[in-house]
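# Inside the fold
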Amino acid sequence: MIASPADANGFRRWHEAGNDDHIPPTDVRIVTSDGQSIAAHSSVLGSASPVLERLLYRPRKSWNSDRIIHILGVAYDAVLAFVRFLHSSSRTALTSREAEEAMERHGVALLALSHAYRVPWLKRACEAATATRVSAENVMDVLKLARMCDALWLRQRCMKQVAKDFAAVQQTEGWRFVQKHDPALELEILQFLEEADQRKKRWRRERANQEMYQILDEAMDCLQHTFAGGCTDEASSGKKAPCRSPLTCQRLQHLLRHYATCNKKLAPKCCPHCTRMRRLFRLHSSLCDQTGSCKVPLCKQFKLKAERDQGEEKTWGLLVKKVATARTMASLASRERSELVQRSWSRYRGAR
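In short, a report on the structure. Each chain has its residues counted from 1, following the order in which its sequence is written. Note on the predicted model: pLDDT of at least 70 is required for a residue's local features to be given, and 80 or more for side-chain atom pairs to be given and counted; whole-chain, interface and lining totals, by contrast, use all residues. Side-chain metrics in this entry use all non-hydrogen atoms of the structure; hydrogen atoms and water are not considered.

### Observations concerning the pattern of salt bridges
- Between Lys or Arg on one side and Asp or Glu on the other, a salt bridge is scored when a side-chain nitrogen of the former is within 4 Å of a carboxyl oxygen of the latter. Per the counting criterion, the structure on display carries eleven salt bridges.
- Close ionic contact of glutamate 98 with arginine 84 constitutes a salt bridge, the shortest N to O distance being 3.5 Å. Of this pair, glutamate 98 sits in helix H5 (residues 97-116) while arginine 84 sits in helix H4 (residues 76-87), and the two are 14 residues apart along the sequence. Neither residue differs from the other here; glutamate 98 and arginine 84 are each classed as exposed.
- Across the pair aspartate 197 and lysine 201 runs a salt bridge whose closest N-O atoms are separated by 3.4 Å. Residue aspartate 197 and its partner lysine 201 are located together in helix H11 (residues 183-228), separated by four residues, close to a single helical turn.
- Exposure remark for aspartate 197: the relative accessible area of 34% places this residue in the partly exposed category.
- According to the relative accessible area criterion, lysine 201 is partly exposed, its value standing at 45%.
- Connected through salt bridges with shared partners, the residues Arg97, Glu100 and Glu101 form a single ionic network. Secondary structure elements follow DSSP: runs of H or I no shorter than four residues count as helices, runs of E no shorter than two count as strands, and numbering proceeds from the N terminus. Each residue is placed in one exposure class: buried if its accessible area under a 1.4 Å probe, protein chains only, is under 20% of its type's maximum, exposed if it is over 50%, and partly exposed if it falls in between.

### Some remarks on the packing of H5 against helix H6 (residues 120-131)
- Look at H5 against H6: their axes get within 9 Å of each other, and the N-to-C directions meet at 140°. Taken as axis vectors, H5 and H6 run oblique relative to one another. For H5 against H6, the interelement crossing comes out left-handed. From H5, Met103, Gly107, Val108, Leu110, Leu111, Ser114 and His115 reach across to H6, where they touch Leu122, Lys123, Ala125, Cys126, Glu127, Ala129 and Thr130. Axis lines are fitted to C-alpha atoms, over the contacting stretch for helices. Their N-to-C directions set the angle, which ranges from 0 to 180 degrees. Here is the rule for angles: anything less than 35 degrees is roughly parallel, anything more than 145 is roughly antiparallel, 65 through 115 is roughly perpendicular, and the remaining ranges are oblique. Note on convention: the crossing is left-handed when the near helix lies turned anticlockwise from the far helix by less than a right angle, right-handed when the turn is clockwise. A contact between two residues is defined here by any heavy atoms of the two lying within 4.5 Å.

### What about H5?
- Its maximal kink placed at histidine 106, H5 deviates by approximately 85°.
- Buried within H5 are the following residues: Ala99, Ala102, Met103, His106, Gly107, Leu110, Leu111, Leu113 and Ser114.
- Turning to H5, the residues buried within the fold contact H4, H6, helix H7 (139-148) and helix H8 (152-164). One axis fitted to the seven residues ending at a residue, another fitted to the seven starting there: the angle between these axes is the bend at that residue.

### Describing the pairing of strand S2 (residues 37-40)
- Residues Ile38 and Ala40 line the buried face of S2, whereas the alternating positions Ser37 and Ala39 sit on a face that is not buried.
- Pairing geometry for strand S1 (residues 28-31) and S2, over four bridges, is antiparallel. Looking at S2, one finds that arginine 29 is bridged to alanine 39.
- Two strands are said to pair when DSSP picks up at least two bridges between them. Hairpin connection of S1 to S2: five residues between the antiparallel strands, including glycine 35 at a positive phi of 90°.

### Things to note about the environment of histidine 70
- Mapped onto the secondary structure, histidine 70 falls in strand S3 (residues 68-70).
- Taking the C-alpha atoms as reference points, histidine 70 and isoleucine 30, 40 residues apart in sequence, are found 5.8 Å from one another.
- Every residue in contact with histidine 70, bar those within four places of it in the chain, is listed here: Val31 and Tyr117.

### Focus: the layout of surface pockets
- In this model, the largest pocket occupies a volume close to 400 Å³.
- Lining the largest pocket are 17 residues, with Ile215, Leu216, Ala219, Arg276 and Leu280 positioned closest to its centre.
- Mapped by element, the contributors of at least two residues to the lining of the largest pocket are H11, helix H13 (246-261), helix H14 (272-287) and helix H16 (314-334).
- Residue classes follow a fixed rule: Ala, Val, Leu, Ile, Met, Phe, Trp, Tyr, Cys and Pro count as nonpolar, while Asp, Glu, Lys and Arg count as charged, and any other residue, Gly among them, counts as polar. A class-by-class count of the residues in the lining of the largest pocket yields eleven nonpolar, two polar and four charged. With a 1 Å grid laid over protein atoms only, a set of points is called a cavity when a 1.4 Å probe fits there but cannot get out and a pocket when it is open yet has protein on both sides within 12 Å along at least five of seven lines; lining residues have an atom within 4 Å of a point. Grid points are joined across faces, edges and corners, and a volume is the space filled by probe spheres set on the points.

### Let's talk about the sheet that holds S2
- Reading across from one edge, S2-S1-S3 is the order of the three strands in this open sheet, with mixed pairing throughout. Of all the strands in the sheet, the pair left with one neighbour each is S2 and S3. Mean inter-strand twist for the sheet, computed between neighbouring axes without regard to direction, equals 25°.
- Packed on one face of the sheet, H4 meets S1 and S2 and runs near 5° to S2.

### Regarding the packing of aromatic side chains
- When two rings of Phe, Tyr or Trp (its six-membered ring) have centres within 6.5 Å they constitute a pair, described as stacked for plane angles under 30 degrees, edge-to-face for angles over 60, and tilted for the intermediate range. The final tally for this structure, using the stated rule, is three aromatic pairs.
- Considering the side-chain rings of phenylalanine 82 and tyrosine 117, the 5.9 Å spacing of their centres and the 40° angle between planes classify their relative orientation as tilted. Residue phenylalanine 82 is located in helix H4, and its partner tyrosine 117 is located in the loop between H5 and H6; the two are separated by 35 residues in the primary sequence. Residue phenylalanine 82 shares its accessibility class with tyrosine 117, and that shared class is buried.

Written as structure tokens, this is what we have:
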């Protein structure tokens, strides 16, 4: 009796019902390139792959003729592993030792078959298994396969591998073949490398900027508590040190001593140390919210100057916002848990 599309899940229902001793007979043969054949169930193949379903239920010359599907261009063992995956009663079989060995031996061929016959769950598993074995020696071959199979995730992994070890990839035969016969792929790889380099430079630049904003925020704290009452240390007072960065505070105090004794701080060509100190005073005044009680020198003067100039220039205003953001992030990072959270945690621990 010929299985119909309506009975596509018959074999799996039969297996799940515990009737393994009475499995229905196979009704289709898969013939490989070397002439060997693999017996299979049409209901299983049709339910797993829409491509195989169309091949199985296409018109035949007679109802008594054998149902044969030719899968050519792939080794017999790979086709056998592909059929076994389709016949697995559940997809959790992919975690078994036998499935892992099949992926290790025939992962590339299984990826091509799952793409050609539209078996998406098996294709995703093959992509993951193939990605774990990508190296500088085989990355170009895997990349070409990922392009042909429209495996976007595997293609991205291969691109990252090329960018990670491009010097070694350039020494491989696969790269030389691409240079001679596939200029489009070569251009795509070079563009990806350039974009990756730009992203890395941009990340480093942003990281350096964030560190600079953090240092400026620490300098503002040191400047404020230096003029508020001096910087105390933990050894002398027995209390927690008020400054977050003793090294920044020490450098700032050296700069203040120089500013107090320098004769060129009011000259048209001020020395660079005094210029730096005046910029720190100006930054403090832009961030300070103490109108009349601030003890930092020049705070009020810079505020009045900003009001006369009707605001600050765009670049300086952006710097102030960045430092203010760094101060907010630092306060959130150092904030201790609230009393309510501590009480809830104590209650939870006591319940346990």
